Each structure stands twice: as C-alpha cells, then as structure tokens.
Amino acid sequence: MSVHLIDNALTLVVSTGNAEGRSETELADLMESYGLMEQAKDSFLAGEITFDEYLQLCEIHNFNVDSYLETVEDNLEHFRLT
C-alpha cells in the first residue's frame, strides 16, 4: 500500500461537534493540536517516530484513540478493496 493511501487513512478530521460551545481561544488551541498531530503523522510516515509514539501524542492532545483507530482500520479496509 502506498504512503499516500496510508496518509489518507490516517487523516484527522476536525469534527464540528468538537467546535460547538468553544471560545475563540479554545478553538485556536484545538486547531493548533490538529496541526501538531498532522506534523506527528508526517513524522510517523517518514519513519522518524513509531506508531506507538504517534498514538501517545494523539492521547496527549485528547484525541479519542480508540475511535480514531476504528476509523483508520475502516479507511485501510476501504482502500484495500478499491
């Protein structure tokens, strides 16, 4: 499987539910976290950090890792079938 497909499978999506009721400062912090996670994903894909390290960073930034991994698994299965 190509790195491009894996990159797509690992993509984080900003949920509108995460934005509801947040202040501008909280939204800026959320977007900064997403930016840092994109950098971490790129580091993982470049072999600079392990997948476990990437997931630890996700947890530090309060991402629901279990839900995220289910999405990644679904994405990878979809890409495998196409």
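This one's a predicted model, so the numbers in the text were calculated from it and none came from an experiment.

Asker: Which parts of the structure should I look at to understand the overall build of the protein chain?
Answerer: A count of helices and strands for the protein chain gives five helices and zero strands. Sequence-ordered secondary structure for the protein chain, helices as α and strands as β, is α-α-α-α-α. Residues classed as buried in the protein chain amount to 22% of the 82 residues present. Considering only contacts in the protein chain between residues 6 or more positions apart, those separated by 24 or more positions represent 55%.

Asker: Before we go on, may I ask you to explain the confidence of the model for the protein chain in this structure?
Answerer: Interpretation of the predicted coordinates at a detailed level should be avoided for regions scoring low in pLDDT. Model confidence for the protein chain is summarised by a mean pLDDT of 83, while 83% of its residues fall at 70 or above. By mean pLDDT, helix H2 (residues 16–19) is the weakest element of the protein chain at 64, and helix H4 (residues 51–60) is the strongest at 93.

Asker: Got a minute to help me understand the packing of aromatic side chains in this structure?
Answerer: Describing an aromatic ring pair means giving the distance of the ring centres and the angle of the ring planes. A complete count under the given rule lists five aromatic pairs for this structure. For the pair Phe-44 and Tyr-54, a centre-to-centre distance of 6.1 Å together with 15 degrees between the ring planes defines the contact as stacked. Here Tyr-54 lies in helix H4 and Phe-44 lies in helix H3 (residues 24–45), a separation of 10 residues in the sequence. By relative accessible area, Tyr-54 is classed as buried at 0%.

Asker: I would appreciate a short explanation of the pattern of salt bridges in the present structure.
Answerer: Side-chain pairs of opposite charge can arise whenever the charged atoms involved come near each other. This model, assessed by the stated rule, comprises one salt bridge. Here Lys-41 makes a salt bridge to Glu-38, at a shortest N to O gap of 3.1 Å. One end of the pair, Lys-41, and the other, Glu-38, are both in helix H3, three residues apart, so they sit about a helical turn from each other.

Asker: When you look at H3 in this model, what are you seeing that I'm missing?
Answerer: The terminal C-alpha atoms of H3, which comprises 22 residues, lie 31 Å apart, in line with the 32 Å expected from a rise of 1.5 Å per residue. Residues of H3 that are buried: Leu-30, Ser-33, Tyr-34, Met-37, Ala-40, Lys-41 and Ser-43. Of the residues one or two after H3, Gly-47 is the one with positive phi, at around 80 degrees.

Asker: Quick question: what am I supposed to make of a negative patch on the surface here?
Answerer: Taken together, Glu-59, Asp-66, Glu-70, Glu-73 and Asp-74 make up a surface patch of like negative charges. Sort the elements by how many residues they give to the negative patch and helix H5 (residues 65–81) lands first, with four residues. In this fold, Asp-74 is placed in helix H5.

Scoring rules and cut-offs
- Residues numbered from 1 in each chain as written.
- Predicted model: local features only at pLDDT ≥ 70, side-chain atom pairs only at ≥ 80, totals over all residues.
- Heavy atoms only, no water.
- Helix = DSSP H or I, 4+ residues; strand = E, 2+ residues; numbered from the N terminus.
- Buried < 20%, exposed > 50% of the residue type's maximum accessible area, 1.4 Å probe, protein only.
- Contact = heavy atoms within 4.5 Å.
- pLDDT = per-residue confidence, 0-100.
- Phe/Tyr/Trp six-rings, centres within 6.5 Å; stacked < 30°, edge-to-face > 60°.
- Salt bridge = Lys/Arg side-chain N within 4 Å of Asp/Glu carboxyl O.
- Expected span 1.5 Å × (residues − 1).
- Patch = residues over 30% accessible without salt bridge, like charges linked within 9 Å, V, L, I, M, F, W, Y side chains within 5 Å.
- Areas by Shrake-Rupley, 256 points an atom, 1.4 Å probe, with all protein chains shown as cover.
- Lys, Arg positive; Asp, Glu negative; His and termini not counted.
- Charge placed at Lys NZ, Arg CZ, Asp CG, Glu CD.

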